[in-house]
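The lines below spell out each chain.
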Amino acid sequence: GWACWKTYLGRPETDYFRCQASSVLGNALWVARPEEALPVFEANLALIRRYWSHDEEVTLAAQTNLANCLDDFCIARHDEALV
């Protein structure tokens, strides 16, 4: 997670690999610390909506990651996960 993010962090915000690295970081954090993964998933979705909104598959994957994290028993924000 962190190693992937640090590898691509220096790239421009519009770089697809940097965007994917933030998703990898979110997924890695979600396993052990879902509360810390939530802002990463939110930022990742915002980034995708800003630069890759035309890519429905990528957008759906980011929305799914965020919804799953919100639905996690540790966070338990089920109503928001349904939106």
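Everything that follows concerns the structure shown earlier in this document.
Okay, so let's go over this structure. Sequence order as written defines the numbering, with residues in each chain counted from 1. Whole-chain, interface and lining totals are the exception, using all residues; otherwise, since this is a predicted model, local features are given only for residues with pLDDT of at least 70 and side-chain atom pairs are given and counted only at 80 or more. Hydrogens and waters are ignored; side-chain quantities use all the structure's heavy atoms.

1. Description of the side chain of Ser23
For clarity, the threshold we go by: Under the DSSP-based scheme used, a helix requires at least four consecutive residues in state H or I and a strand at least two consecutive residues in state E, with every element numbered from the N terminus. For every residue, the accessible area obtained with a 1.4 Å probe (protein chains only) is divided by the maximum for its type, and the residue is called buried under 20%, exposed over 50%, and partly exposed between those limits. Only heavy atoms enter the contact rule, under which two residues are in contact if any of them lie within 4.5 Å.
Tracing the backbone through its elements, the reader meets Ser23 in helix H2 (residues 16-32). With relative accessibility at 11%, the residue Ser23 sits in the buried group. When near neighbours in sequence (up to four residues on either side) are disregarded, Ser23 contacts Phe41, Asn44 and Asn65.

2. So, helix H3 (residues 34-51)
What counts, and what does not: Given the number of residues in a helix, its expected span is that number minus one, multiplied by 1.5 Å.
The end-to-end C-alpha distance of H3, which contains 18 residues, comes to 26 Å, matching closely the 26 Å that a straight helix rising 1.5 Å per residue would cover. If you check which residues of H3 are buried, you get Pro34, Ala37, Leu38, Val40, Phe41, Asn44, Leu45, Leu47 and Ile48. Where H3 is buried, its residues meet H2 and helix H4 (56-71).

3. Quick look at the packing of aromatic side chains
How two aromatic rings sit relative to each other is given by the distance of their centres and the angle of their planes. For clarity, the cut-off: Working definition: rings of Phe, Tyr and Trp (its six-membered ring) pair if their centres are within 6.5 Å, and the pair is stacked with planes under 30 degrees apart, edge-to-face with planes over 60 apart, and tilted otherwise.
Inspection of every chain in the model, using the stated rule, returns five aromatic pairs. With a centroid separation of 5.7 Å and an interplanar angle of 75°, the aromatic rings of Tyr16 and Trp52 are classed as edge-to-face. Highlighted residues: Tyr16 in helix H2 and Trp52 in the loop between H3 and H4, separated in sequence by 36 residues. Taken together, the aromatic side chains of Tyr8, Tyr16, Phe17, Tyr51 and Trp52 make up a single cluster linked through ring pairs.

By themselves these figures say nothing about function.
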